[in-house]
Amino acid sequence: DVELGLVQAPPPSDIDVSPATDTNTVGTAHTVTVTVTDMFGNLLAGEAVHFVVTGAGTPTPASGNATTNASGQATFTFTNETAGANTITACVDEDADQVCDVGELTGTATKTWQPGPAVEITLAPATDTNPVGTSHTVTATVTDEFGNELSGEAVHFSVSAAGTPTPASGDDTTDAAGEATFTFSNAAAATNTITACIDANDNMACDMGEESASATKVWQ
């Protein structure tokens, strides 16, 4: 007589996280797909997978769990409102404790979040007082809807006509910190209003509809 035994399927030996790298705009959703296979490349269904996100900002959610389907795949979707990079780690959660333990099969992917469109500009200091003939600098900061600083944004500055503001206008481009500066002086005792705008069409003017901010300078 020949005794027949059950053939046990090979354990998971590979986990692939896709896309391996990707870039999204902050505030949008990003999905990674894990594929779990055995040593022969067979797709494995019913495998518990744990996901965890580390790095910049406040990824939402920062972790999750799923079970591979008939195609050996499990997915995880998250978002982030902070510009920067996240690492997504996925593991075959052998003991189903919703943690990636030492020795469990893991894979990683990278997500880069880029700032959204420029929607806000602030100007500092909001108010200040200087002696006539000295110089005064204002700093404009440009951000997206989530407060991420934006580099490479054109900013136009203009000064109200009171006294003799010199120069009476200027232009700058935001740096890596989202900041652009403008310096002027006045030879007369006067009060100036400085206006700065996100110069969306780069025409060196503050047009209707362009986001703007203002500050006040008193010359004594």
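Quick caveat, the model's predicted, so the values are computed rather than measured. (Residues numbered from 1 in each chain as written. Predicted model: local features only at pLDDT ≥ 70, side-chain atom pairs only at ≥ 80, totals over all residues. Heavy atoms only, no water.)

*Asks:* Tell me what's going on with the state of the cysteines, and back it up with residues and numbers.
*Replies:* Applying the stated criterion across every chain, the model contains two disulfides. Across a sulfur-sulfur distance of 2.3 Å, Cys 91 and Cys 100 are joined as a disulfide pair. Judged by the sign of its S-S torsion, about -95 degrees, the cystine formed by Cys 91 and Cys 100 is left-handed. Put simply, Cys 197 and Cys 206 are joined by a disulfide, and their sulfur atoms are 2.2 Å apart. Sign of the S-S torsion, about -95 degrees for the bond between Cys 197 and Cys 206, identifies this disulfide as left-handed. (Disulfide = S-S within 2.5 Å.)

*Asks:* Please set out the sheet that holds strand 7 (residues 84–92) residue by residue, giving values where relevant.
*Replies:* Read from one edge to the other, the open sheet built from five strands follows the order 2-8-7-4-5, with strand pairing classed as mixed. The sheet is open, and its two borders are formed by strand 2 (21–25) and strand 5 (63–67), each paired with just one other strand. The average angle at which neighbouring strand axes cross in this sheet is 25 degrees, direction not considered. As paired strands, strand 4 (residues 48–55) and strand 7 are joined by seven bridges and run antiparallel to one another. For Phe 51, the partnering residue across the bridge sits in strand 7 and is Ala 90. (Pairing = 2+ DSSP bridges. Helix = DSSP H or I, 4+ residues; strand = E, 2+ residues; numbered from the N terminus. Axes fitted to C-alpha atoms, helices over the stretch in contact; angles between N-to-C directions.)

*Asks:* How would you sum up the packing of aromatic side chains? Please name residues and give values.
*Replies:* One pass over the full model with this rule turns up six aromatic pairs. Aromatic side chains Phe 76 and Phe 78 sit 5.8 Å apart centroid to centroid with 15 degrees between the ring planes, which places their arrangement in the stacked category. By the burial criterion, Phe 76 is buried, and Phe 78 matches it. Positioned above the aromatic ring of Trp 113 is the side chain of Lys 111, whose terminal nitrogen or guanidinium carbon lies 5.4 Å from the ring centre. (Phe/Tyr/Trp six-rings, centres within 6.5 Å; stacked < 30°, edge-to-face > 60°. Buried < 20%, exposed > 50% of the residue type's maximum accessible area, 1.4 Å probe, protein only. Lys NZ or Arg CZ within 6 Å of the ring centre and 35° of its normal.)

*Asks:* Go over the sheet that holds strand 1 (residues 12–18) with me, naming the residues and quoting the values.
*Replies:* Taken in spatial order, the three strands line up as 1-3-6 in an open sheet, and their pairing is antiparallel. Of all the strands in the sheet, just strand 1 and strand 6 (73–79) have a single pairing partner and so form its edges. The mean inter-strand angle of the sheet, taken between neighbouring strand axes irrespective of direction, is 20 degrees. Relative to strand 3 (residues 29–38), strand 1 is paired through six bridges, and the arrangement is antiparallel. Within strand 3, the position partnered with Ile 15 by the bridge is Val 36.

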